[in-house]
Amino acid sequence: MKSFSAVLILAAALSASAAVPTLALAAETLCTCRYCESAAARLGFGVDLGGEGPHYAPVRKVDVQHIKLDITPNFQKRTVGGSTTIRFVPLRSAIDVLKLDAVDLSITSVESSTPVAEFDSTSTDLTIAFAEPIPVGQESWVTIEHHCQPQGGFYFRTAEMGYPEQDTHCWTQGESHFARQWFPCFDYPNEKSTTEVICHVPSDMTVISNGRNLGESIDPETNLKSVHWLQDKPHVNYLICVVAGYFDKLEDTAGKIPLGFYSQPTLSEHAAASFQDTASIMDFYQKEIGVAYPWHKYDQATIRDFIAGGMENTTITTLTHNTIFTPATENIRSSRGLDAHELAHQWFGDYVTCEDWSHLWLNEGFATYYTHLYEGHKFGRDATLYGLYRDATNRVLPRGAGDKRPIVWKKYRNAGDQFDYRAYPKGSWVLHMLRSQMGDDLFREAVQAYLKEHGLTTVTTPELQAAMEETSGRTFDRFFDQWVYHARHPDLKIRYRFDPKLSLAQITLEQTHKVDDDVMLFNFPATFAFLCDGELVLHTEDITSAKHDFYVSLPAKPEMVQFDPEYTLLCKVDFDKPEDLWINELENAERATGRILAIEALAKKKSNKSIDAIQQALQTDPFYGVRVEAAEALGKINSDQSRAALRKTATPTDARVRLALVKATVGDYQPQEVGTLLEGAQSEKNPAIVAAWIDGLAKYSDESVTQYLRASLERDSFRNEIAEAVVDAMRKSGSSQYVPDLAEQVSLHSGNYTTRGLANLLRALAVLSDEEQVKLQSMQQISPYLGDARVDVQKGAIEALGKLGLEEARPILQSYADASHNKDLSKAAEHALNALTKDSTPQPNEIIELRNQMKDLEKSNDSLKKKLDELEKKLEATAAEDE
């Protein structure tokens, strides 16, 4: 165990990002909390609830008061067994039957304070019949003995599964409905209770759980250590968590709150930098929220191959091990956003919890927004707004345009359907718009009232609306109706003209999106900023109709006309302005978001003047996000002028900007610049940026590039980042010349690869294998990984077999498609079979004839080569005789 303060100086030295906000650019950061870009991945967080909905919170027949778990995980067999005791009180009417969620659990006995007449266990639930009814209000209990080899909810990471033996651990994931897969329970978020965990593990292991550690002891006969945890404040069932195994620990405090940071021994040397912000985040949240941290302690534990970014279990957050980074990546990697998001959940999601999944945004929207607020607290207002900008442009606006689902939506089939952009970034934006309309102080006061009134209970959206209205003294009916209970966002068309005679600015604002039963016509305040001879004039107009015309008297013709200067409205905007006005906005807008929006508009114009303005911003703007967006914009313009602008930009010292510049530079095909690109790649030390160079070089077949990629395949880097980037580049190249290199990696170096990287390696080997014999050899190398204990590797092997296009793989794939033990693998096998069938579909006669002609040509070339070789040998022999 180490004191966090003892390593904090080292962490600060390792992390050059301490003074500037960090943009999370790694692929894994697309999954934050349980929000994931992939719809398939989101379904992994839910359980199919049957039917198309609507779904409501189930009626509670009992009040669960306390849950006690006494469990023993078996790391060799990857099983868990023990007992669950549930203390409860019947509500409204006496009960003679208690039904609990229990998926594929082997129930060996049931005892109760009231005699049990019988119990029945199915693959989905446990029903307990009592000998006599239990009256309303009578405190009762049941104790259930059970064991299982869980297919979800309780997970192992062991050496037999391909993980380092010294990192052996197990962990649980309850949200949304996975606790039922390892203990019987009422598995829905509208029930809260206190909980207790006793876990028995080998004596040299650590156990972390919810609440307070009441003590531990070692059984001299079994040599198992028993660790006893008590969560003495109620929380929902899915927040129960057990983490056990080999961990190194760092410690710190936030005021009087103990902070624990647990990581795998093979990663712990780098852990300090990843957790360096936790105490500061907690201090900010307590002041900003106005409610003290509501629990006894706060621990965080990294998990190898965690299913998402993090999980906010009460007092013990579990995090992906990918959140740990090294100083080599400078400020490109950071755990701060994930740290802030999960810690915010201790108030929003744990202290107050959504009653059902249709109101998930009350958990996730708050956590997302407060993460942005912390960025602003640490680095300034622009950092908050830039986070909101990226959420809007990358997620909410493109996904919401054609989506008729509102934030509060009950017609989901799988709870995982709710873990998407609506709950996370759009929910965050709703809170931002509320705060913008109410003002910071009133918003804080309303949030504080909401938490104090509903703390330790479950909530729905009307409770939040009531808190906002009672605090502000105004109605928010239409606001919640259009933003939360209806879908989408407004599309705005804005036109501006200036009347020099009257010195009036004429603004026409039109809502152009389709209005129907699912999408409303929006009401909102629209603010415009006019810069006139150095004087800033602000004008706000309440928009209540589809088209709105208004005039603003100005002291002079404006050199800048800006819509929504404080970036307070979620919308898509078409604002047609002259180029000079956009350039002036880029040069004069106070907020970085205004300058970024100007870059977007100028990039569409593609003129030399616009390119010069963007390049100037890339070189000189004080906010890193503007420089990043400028680099990306120049890369997308893809003209000789924009490429020249990128080349003349001095190498940025900020690694995030340097990464954006590299991606923009290598984005398009420039065969005449291969030498320059290689020089850039070879001079770079940051592995994240090296990976970007490698990705850009994939499109070139020059021998120098081939040699560089092969050499880079052997380079050491944290989490094998560079080698895995090379594998991806080789796959993208489409060249079969790399098959021997990839085959060697599979045979000799697979242990160096991350789980995801190994799966990608298998896919790449399959994609590049072209000739029949080579495919058969690749199949022999890929097939053993079907037995890998890591599901993602198995899935990669299945997909690789499908990409080989061999009929010999069909029986193997069919066996996985028919299996029911894992739906993900079964679905992957079905897709692979479909691809195999598609590849074997008869081709049109013209294509077949062309292929035959190509084969004949190849044979002719081979014959000609042999004749030339024979002639050369004859000439050599004749020359020898003459000598």
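Residues numbered from 1 in each chain as written. Predicted model: local features only at pLDDT ≥ 70, side-chain atom pairs only at ≥ 80, totals over all residues. Heavy atoms only, no water.

## Section: the overall build of the protein
The helix and strand tally for the protein stands at 28 helices and 29 strands. Buried residues in the protein amount to 55% of all 883 residues. The contacts of the protein with a sequence gap of at least 6 include a subset with a gap of at least 24, amounting to 70%. For the protein, the accessible area works out to roughly 37,100 Å², and carbon and sulfur atoms hold 49% of it. (Helix = DSSP H or I, 4+ residues; strand = E, 2+ residues; numbered from the N terminus. Buried < 20%, exposed > 50% of the residue type's maximum accessible area, 1.4 Å probe, protein only. Contact = heavy atoms within 4.5 Å. Areas by Shrake-Rupley, 256 points an atom, 1.4 Å probe, with all protein chains shown as cover.)

## Some words on unusual backbone geometry
Outside of glycine, negative phi angles account for most residues, and trans bonds account for most peptide bonds. The step from Glu175 to Ser176 runs through a cis peptide bond, and the omega angle for that step is 5°. In this fold, Ser176 is placed in the loop between β10 (169-172) and β11 (192-202). Even without glycine at this site, Asp564 takes up a positive phi of about 50°. Secondary-structure assignment places Asp564 in the loop between β28 (560-563) and β29 (572-576). Even without being a glycine, Tyr567 presents a positive backbone phi close to 55°. Its location among the elements puts Tyr567 in the loop between β28 and β29. On the basis of relative accessibility, which here comes to 8%, the residue Tyr567 falls in the buried class.

## Some words on the pairing of strand β7 (residues 125-134)
Two strands pair when backbone bridges link them, and strand β4 (residues 95-101) and β7 are joined in this way by six bridges, in the antiparallel orientation. Opposite Lys99, over in β7, you have Thr127 as the bridge partner. In the sheet, strand β6 (residues 116-121) pairs with β7 via five bridges, with the strands oriented antiparallel. Looking at the pairing, Glu118 lines up with Ala129 of β7. Taken together, β6 and the strand that follows it, β7, pair antiparallel across an intervening segment of three residues. (Pairing = 2+ DSSP bridges.)

## Description of the side chain of Lys297
Tracing the sequence through the fold places Lys297 in the loop between α4 (278-289) and β18 (298-303). Given a relative accessible area of 5%, Lys297 falls into the buried group. With residues up to four places along the chain from it excluded, the contact list for Lys297 reads Ile208, Ser209, Gly211, Trp229, Ile257, Pro258, Thr315 and Ile316.

## A short note on the packing of helix α5 (residues 336-344) against helix α6 (residues 361-379)
Running from N to C, α5 and α6 cross one another at 130°; their axes reach a closest spacing of 8 Å. Looking at the two axes, α5 sits oblique to α6. Between α5 and α6 the crossing geometry is right-handed. Within the contact between the two elements, α5 uses Arg336, Gly337, Ala340, His341 and Ala344 and α6 uses Glu364, Ala367, Thr368, Tyr370, Thr371, Tyr374, Glu375, Lys378 and Phe379. Looking at the contact of α5 with α6 residue by residue, the classes come out as six nonpolar, four polar and four charged. (Axes fitted to C-alpha atoms, helices over the stretch in contact; angles between N-to-C directions. Parallel < 35°, antiparallel > 145°, perpendicular 65-115°, else oblique. Left-handed = near helix turned anticlockwise from the far one by under 90°. Nonpolar A, V, L, I, M, F, W, Y, C, P; charged D, E, K, R; others polar.)

## Considering the packing of aromatic side chains
For any pair of aromatic rings, the description consists of the separation of the ring centres together with the inter-plane angle of the planes. All chains considered together, the criterion is met by 38 aromatic pairs. A ring pair is formed by Phe623 and Tyr624, whose centres lie 5.1 Å apart and whose planes are at 55°; its orientation type is tilted. Among the residues examined, Phe623 registers a relative accessible area of 9% and is labelled buried. Here Tyr624 falls in the buried class, since its relative accessible area comes to 6%. Following the ring pairs from residue to residue traces out a cluster consisting of Phe284, Tyr285, Tyr293, Tyr298, Trp347, Phe348, Phe366, Tyr369, Tyr370, Tyr374, Phe443 and Tyr450. Directly above the ring of Phe575 sits Lys577, whose terminal nitrogen or CZ lies 4.6 Å from the centroid. Sitting over the ring of Trp582, Lys577 keeps its end group 3.8 Å from the ring centre. (Phe/Tyr/Trp six-rings, centres within 6.5 Å; stacked < 30°, edge-to-face > 60°. Lys NZ or Arg CZ within 6 Å of the ring centre and 35° of its normal.)

## Examining the sheet that holds β10
Pairing is antiparallel across the open sheet formed by four strands, whose spatial order is β9-β10-β15-β12. Looking along the sheet, the strands with just one partner apiece sit at the ends: β9 (154-157) and β12 (206-209). Strand after strand, the sheet turns through a mean of 10° between neighbouring axes, direction not considered.

## Some points on the sheet that holds β4
Spatially, three strands are ordered β4-β7-β6 in an open sheet, and the strand pairing comes out antiparallel. Two strands lie at the open edges of the sheet, namely β4 and β6, each paired on one side alone. Going across the sheet, the axis of each strand differs from the next one's by a mean of 15°, ignoring polarity.

## Points about the confidence of the model for the protein
In this model, the protein carries a mean pLDDT of 92, and residues with pLDDT of at least 70 account for 89%. Every residue in residues 5-30 is under pLDDT 50, and counting partners more than four places away or in other chains gives 55 contacts. (pLDDT = per-residue confidence, 0-100.)

## Some points on the pattern of salt bridges
When the charged atoms of two side chains lie near each other, side chains of opposite charge can form a pair. Scanning the model with the defined rule gives 46 salt bridges in all. Put simply, Arg643 and Asp668 hold a salt bridge, and the shortest N to O gap is 2.4 Å. Here Arg643 is found in helix α16 (residues 640-647), whereas its partner Asp668 is found in the loop between α17 (655-666) and α18 (674-683), with 25 residues between them in sequence. In terms of burial, Arg643 and Asp668 fall into one category: buried. Salt bridges here are not isolated pairs; linked through shared partners, they connect Glu288, Arg435, Asp440, Asp441 and Arg444. (Salt bridge = Lys/Arg side-chain N within 4 Å of Asp/Glu carboxyl O.)

## Here we look at the packing of helix α24 (residues 772-782) against helix α25 (residues 791-804)
Their axes nearest at 10 Å, the elements α24 and α25 cross at an angle of 170°. By the angle between their axes, α24 is roughly antiparallel relative to α25. In this structure, α24 contributes Lys775, Ser778, Met779 and Ile782 to the contact, and α25 contributes Ala797, Ala800, Leu801 and Leu804.

## Examining helix α22 (residues 739-748)
All buried positions along α22 are accounted for by Val739, Asp741, Leu742, Ala743, Gln745 and Val746. Its buried side turned inward, α22 meets α20 (703-712), α21 (721-733), α23 (755-768) and α24.

## Things to note about the state of the cysteines
Applying the stated criterion across every chain yields a total of zero disulfides. There is no disulfide at Cys241, and the cysteine sulfur nearest it, in Cys170, is 9.7 Å away. (Disulfide = S-S within 2.5 Å.)

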